[in-house]
2 protein chains.
Amino acid sequence: MRTRVTELFGIEYPIFAFSHCRDVVAAVSRAGGMGVLGALYFTPEELEVELKWIDEHVGGRPYGVDVVMPAKYEGADLGDSEDLMARLQAMIPERHRLFVNELLERHGIEPLSEEGAGRYLLGWTDATARPQVEVALRHPIALLANALGPPPADVVAQAHEHGVKMAGLASNARHARKQVEVGVDIIVAQGTEAGGHTGDVSTMVLIPEVVDAVGPDTIVLAAGGIGRGRQLAAGLALGAEGAWTGSIWLTVDEADTPEASRDRLLSATSRDTVRSRSWTGKPARMLRTAWTDAWESEKSPGTLPMPMQFMLISDALHRINRAGSSELTTFPVGQIVGSMNRVRPTAQVIYDLMEEYIAVVDRLNHITES
Amino acid sequence: MRTRVTELFGIEYPIFAFSHCRDVVAAVSRAGGMGVLGALYFTPEELEVELKWIDEHVGGRPYGVDVVMPAKYEGADLGDSEDLMARLQAMIPERHRLFVNELLERHGIEPLSEEGAGRYLLGWTDATARPQVEVALRHPIALLANALGPPPADVVAQAHEHGVKMAGLASNARHARKQVEVGVDIIVAQGTEAGGHTGDVSTMVLIPEVVDAVGPDTIVLAAGGIGRGRQLAAGLALGAEGAWTGSIWLTVDEADTPEASRDRLLSATSRDTVRSRSWTGKPARMLRTAWTDAWESEKSPGTLPMPMQFMLISDALHRINRAGSSELTTFPVGQIVGSMNRVRPTAQVIYDLMEEYIAVVDRLNHITES
């Protein structure tokens, strides 16, 4: 296969795989796609360890790193001041803390005996994502992606100085144009059916709009609802140069998804997701569980703005996972979850995608030529 | 082009066009697609007039009729009793009538001087849709479609006796299987981005699920987000045998869409729709205007179940259209509205679709073979 992204990166298949799991990232790149490691959950020191591991296991194939530098968040005016976290913590209402604790108690989830995981801010802010960028650019990455809004211009420049291409996620044509203005090379146009932070326009409608809006000089990848060859073909038919996938890597052999979450993902249907602010404060598509329902209920205090919502719930997520609670577990995942019904090795997923893709192109030719 | 639906109906292109406007229906069929007349707004007598006109103007090409026989609605137990409408009218709370009147007053919409349009029930019930079916089957239609849930088994049998194929709209795989069980020949799998009554699963995810769920004996058409060749190709890539379109026919030359509505459709973006119960009581994607916003506001009394919601608002819609109010006007329309930016003749829309489709297949071959 040859599209502008296979040419640009020297990869075999135009399939990009977002994952927080280094094993998946390396396996996708080795199989001919491009793995992209989500840096969000790692401290700079941990990220260094992960990337070193990938360098040693990716067989010289290209891979990427994904950070989150939201254009807008509470506390952005505080910069990287040392007491950023303390000041944000102080802004979280007691009512919200009570709501979370009562919810977990109601489901019999044990409180933390230790101090708390302490992972409240993660890479959710410009201030905490920049050190991740520094670490990433010390490794031979081929792509740096930013997940929420246009990246700061100096970060784009820094990436380009290192010969690294910059990608940005966009959920509508206006946002895509903004990304191009700051120098982003690749737009990941993400439909509402995608997992994680999404807008409201579907992939089917969004991709042609974005392709036309950014013009021929910018590469567009299709994201949202892509898990098999039919959908890869559809994404390319809509005008994209490749597919950006995420959800489907949560249930591969190599994934480190907690067992309770993985089992719920395997049995979920495409109707079992919901766009909810209960994870980060911005709308993100997630598995619908007692967790997301509680935040929609009448007793809900409402969600907090980014990054305070995640700071509020960080310990709770830790407790839920530790307890292996399948009632309360939740996960950013797209509607494609309905097709994620069995565990396969990462490489197999890539080959199955390509096999079906080839069959689809054959079918289209048969339809068209006759 | 040749798919199972072009073969089945002897049409040139696998493009189905739903429209309430007879001119559009005839023009689509004459251009090589298949026009499908929405019967909902017509009395049986009026439907007879419309179909007679189509018979005279369709040049012997096949066309279809679409009715609404919802599986569930208030008053279904009343059958076709003569006082069905009066009994349903009596169930509408005064609070709801006041809300609608105050909303229109606030926007300066004149009250009706006459008695009211009297079009309260339309074809929204089994009882009122059956006479439409009777009329339709007296004409040389090729297809009878039902828009909400599986049609009654005797209606399917009646259609088949007349050599007419039966289509049913479905927004998830479970509903699609139910349709197949009652003998439906063609499933219109409709993604959440579609106009009118929709579910929550996107076209990208839905089509492969439905194709696999119904098996090789049932034909699937892709609906939702299809307005141009890229999207037709994507729908076929996803496994459908053709595309079911609707929104894009609202802004063609031949359409009888009220001017205020048409102008808003032409300027709307793909983000300007919303799934709302404010039209019929069931969730339907519509143009987002002051109308849909009012029903979501704090002052909203909430919507009524089908068919009472439409009975409640029927006169109001009449008043809004008569006043040419572009603030309050609303319309069932899909997210593809963002691409509906100019008025073209119906035949031109078909040819543009096909031209782009051919270019897409060429591009896929280029990508794949190299």
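Counting from 1, residues in each chain are numbered in the order their sequence is written. Numbering of ligands from 1 and lettering of chains from A proceed in the order in which they are written. Predicted model: local features are reported for residues with pLDDT of at least 70 only, side-chain atom pairs are reported and counted for 80 or more only, and whole-chain, interface and lining totals are derived from all residues. Side-chain metrics rest on all non-hydrogen atoms present in the structure, leaving aside hydrogens and water.

An unreviewed UniProt entry lists chain A under the name Nitronate monooxygenase, from Actinomadura alba.

Visitor: Explanation requested: the packing of aromatic side chains in the structure shown.
Guide: Aromatic ring pairs are described here by two measures, namely the spacing of the ring centres and the angle between the planes. Residue and element names in this part refer to chain A. Side-chain rings of Phe, Tyr and Trp, where Trp is taken by its six-membered ring, are said to pair if the distance between their centres is within 6.5 Å; with planes under 30 degrees apart they count as stacked, over 60 as edge-to-face, and otherwise as tilted. A complete count under the given rule lists ten aromatic pairs over all chains for this structure. For the ring pair Phe16 and Trp244, a centre distance of 6.4 Å and an interplane angle of 15 degrees mean the geometry is stacked. Note that Phe16 is positioned in strand 1 (residues 15-19) and Trp244 in strand 9 (residues 242-245), a separation of 228 residues in sequence. Comparing Phe16 with Trp244, the two get one shared label, buried. Members of the aromatic cluster, joined through ring pairs, are Phe9, Phe16 and Trp244. Counting from the N terminus, the helices are DSSP H or I runs at least four residues long and the strands are E runs at least two residues long. Residue burial is assigned from relative accessible area. The probe radius is 1.4 Å, only protein chains are included, and a residue is buried under 20% of its type maximum, exposed over 50%, and partly exposed in between.

Visitor: Honestly, the nonpolar core in this entry has me stumped. Any pointers?
Guide: What tends to happen in soluble globular proteins is that the nonpolar side chains get buried as a cluster. Of all hydrophobic cores here, the largest spans 160 residues; its most connected members are Leu144(A), Tyr357(A), Leu144(B) and Tyr357(B). In this analysis, two residues are considered to be in contact whenever any of their non-hydrogen atoms come within 4.5 Å of each other. Beyond its immediate chain neighbours, meaning those up to four positions away, Leu144(B) contacts Val65(B), Val67(B), Val133(B), Val155(B), Ala159(B), Val164(B), Lys165(B), Met166(B) and Ala167(B). In this description, a nonpolar core means a group of buried Ala, Val, Leu, Ile, Met, Phe, Trp, Tyr and Cys residues linked to one another through side-chain atoms lying within 4.5 Å.

Visitor: Sorry, what's going on with the environment of Ser278(B) here?
Guide: All names here are of chain B. Along the chain, Ser278 falls in the loop between strand 10 (273-276) and strand 11 (284-287). The exposure class assigned to Ser278 is buried, which follows from its relative accessible area of 0%. Residues Ser278 and Thr192 lie 86 residues apart in sequence; the distance between their C-alpha atoms is 17 Å. Not counting the four nearest positions on each side in its chain, Ser278 is found in contact with Met286, Trp291, Thr292, Trp295, Thr303, Gln309 and Ile313.

Visitor: Please clarify how the pairing of strand 4 (residues 143-146) of chain B should be interpreted in this entry.
Guide: Within a regular strand, side chains alternate between the sheet's two faces. Residue and element names in this part refer to chain B. Of the two faces of strand 4, the one lined by Leu143 and Ala145 and the one lined by Leu144 and Asn146 are each fully buried. Bridging between strand 3 (residues 64-67) and strand 4 involves four bridges; their strand directions are parallel. By the bridge assignment, Val65 is partnered in strand 4 with Leu144. Note that strand 4 and strand 5 (residues 165-170) share four bridges and pair parallel. One bridge is not enough; two strands pair if DSSP finds at least two bridges between them.

Visitor: Is there a simple way to explain the side chain of Ser270(B) in this structure?
Guide: Looking at where Ser270(B) falls in the secondary structure, it is placed in the loop between helix 11 (259-267) and strand 10. Residue class for Ser270(B) comes out buried when judged on its relative accessible area of 4%. By the criterion applied in these results, polar contacts are pairs of N or O atoms within 3.5 Å in which, for protein atoms, one can donate a hydrogen and the other can accept it, and in which residues neighboring in sequence qualify only through two side-chain atoms. A polar contact of 2.9 Å, which involves the side chain of Ser270(B), links it to the side chain of Glu209(A). Filtering out sequence-adjacent residues up to four positions away, Ser270(B) remains in contact with Val201(A), Val205(A), Glu209(A), Gln335(B) and Gly338(B).

Visitor: Would you take a moment to explain the packing of helix 3 (residues 44-57) of chain A against helix 6 (residues 126-137) of chain A for this structure?
Guide: Helix-helix packing is described using two parameters, namely the angle between the two axes and the distance between the axes. Residues and elements named next belong to chain A. Each axis is a line fitted through C-alpha atoms, and for a helix only the stretch in contact is used; angles between axes span 0 to 180 degrees, taken between their N-to-C directions. The geometry of helix 3 relative to helix 6 is characterised by a closest axis approach of 9 Å and an angle of 25 degrees between their N-to-C directions. Between helix 3 and helix 6, the crossing angle belongs to the class labelled roughly parallel. The two elements helix 3 and helix 6 meet at a crossing, and its hand is right-handed. Note on element contacts: helix 6 touches helix 3 through Pro131, Gln132, Val135 and Ala136, opposite Pro44, Leu47, Glu48 and Leu51. An angle counts as roughly parallel when it lies under 35 degrees, as roughly antiparallel when it exceeds 145, as roughly perpendicular when it falls between 65 and 115, and as oblique in every other case. For any helix crossing, the convention is left-handed if the near helix is rotated counterclockwise from the far helix by under a right angle, and right-handed if that rotation is clockwise.

Visitor: Sorry, what's going on with the relation of the copies chain B and chain A here?
Guide: Superposition of the two copies of the chain requires a rotation about an axis and a shift along the axis. All copies are superposed by least squares; the fitting set is the C-alpha atoms of residues with a pLDDT of at least 70 in both. Under the fitted operation, chain B is carried onto chain A by 0.0 Å of movement along the axis and a turn of 180 degrees, and the coordinates agree to an RMSD of 0.0 Å. Taken together, the rotation angle and the small translation identify this as a two-fold axis. Measuring from the rotation axis to each C-alpha of chain B, the shortest distance belongs to Ala234(B), at 2.0 Å. Both copies present the same face, since 100% of the interface residues in chain B are matched by interface residues at the equivalent positions in chain A.

Visitor: Teacher, can you tell me more about the pairing of strand 5 (residues 165-170) of chain A here?
Guide: Residue and element names in this part refer to chain A. Burial analysis of strand 5 places five of its six residues in the buried class, the great majority of the element. The parallel pair strand 4 (residues 143-146) and strand 5 is bridged by helix 7 (residues 153-161), and the resulting crossover is right-handed. Taken together, the four bridges between strand 5 and strand 6 (residues 186-190) define a ladder with parallel strand orientation. Note that in strand 6 the partner of Leu169 across the bridge is Val188. The β-α-β motif built from strand 5, the intervening helix 8 (residues 173-181) and the parallel element strand 6 has right-handed crossover chirality. Look down the strands so they point away from you; if going from the first strand over the helix to the second traces a clockwise path, that crossover is right-handed.

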